[in-house]
Amino acid sequence: MRDLAASWVQLLAEEGEIIDTEIADAIVSGLAALVSSARRQRQGVYCWVA
């Protein structure tokens, strides 16, 4: 998850948006936990980013 978060931080920086790596890691980890929980309950997750 840390590598994914770091890549996300880098992509955002290229677009001029700055986000702390620790915050990005928390967001990615939280999303992964949400998806895992939903899958255990045989539910889906829809993610829309603007």
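Everything below is about the structure shown above.
Parameters at a glance
- Residues numbered from 1 in each chain as written.
- Predicted model: local features only at pLDDT ≥ 70, side-chain atom pairs only at ≥ 80, totals over all residues.
- Heavy atoms only, no water.
- Salt bridge = Lys/Arg side-chain N within 4 Å of Asp/Glu carboxyl O.
- Helix = DSSP H or I, 4+ residues; strand = E, 2+ residues; numbered from the N terminus.
- Buried < 20%, exposed > 50% of the residue type's maximum accessible area, 1.4 Å probe, protein only.
- Axes fitted to C-alpha atoms, helices over the stretch in contact; angles between N-to-C directions.
- Parallel < 35°, antiparallel > 145°, perpendicular 65-115°, else oblique.
- Left-handed = near helix turned anticlockwise from the far one by under 90°.
- Contact = heavy atoms within 4.5 Å.
- Nonpolar A, V, L, I, M, F, W, Y, C, P; charged D, E, K, R; others polar.

Asks: For this particular structure, what's the right way to read the pattern of salt bridges?
Replies: When the charged atoms of two side chains with opposite charge come close together, those side chains can pair. This model, assessed by the stated rule, comprises 1 salt bridge. When the shortest N-O distance is used, the salt bridge between D25 and R2 registers 3.7 Å. Here D25 is found in helix α2 (residues 21-40), whereas its partner R2 is found in helix α1 (residues 2-14), with 23 residues between them in sequence. Overall, the relative accessible area of 14% leaves D25 in the buried class. For R2, a relative accessible area of 63% puts it in the exposed group.

Asks: Would you mind showing me how to read the packing of α1 against α2 here?
Replies: In a pair of packed helices, the angle between the axes and the distance between the axes together describe the arrangement. At their nearest, the axes of α1 and α2 sit 8 Å apart, and the two run at 120 degrees to each other. The orientation of α1 with respect to α2, classified from their angle, is oblique. Crossing of α1 over α2 shows right-handed handedness. Contacts between α1 and α2 involve R2, L4, A5, W8 and V9 from the first element and T21, A24, D25, I27 and V28 from the second. Partitioning the contact of α1 with α2 into residue classes produces 7 nonpolar, 1 polar and 2 charged.

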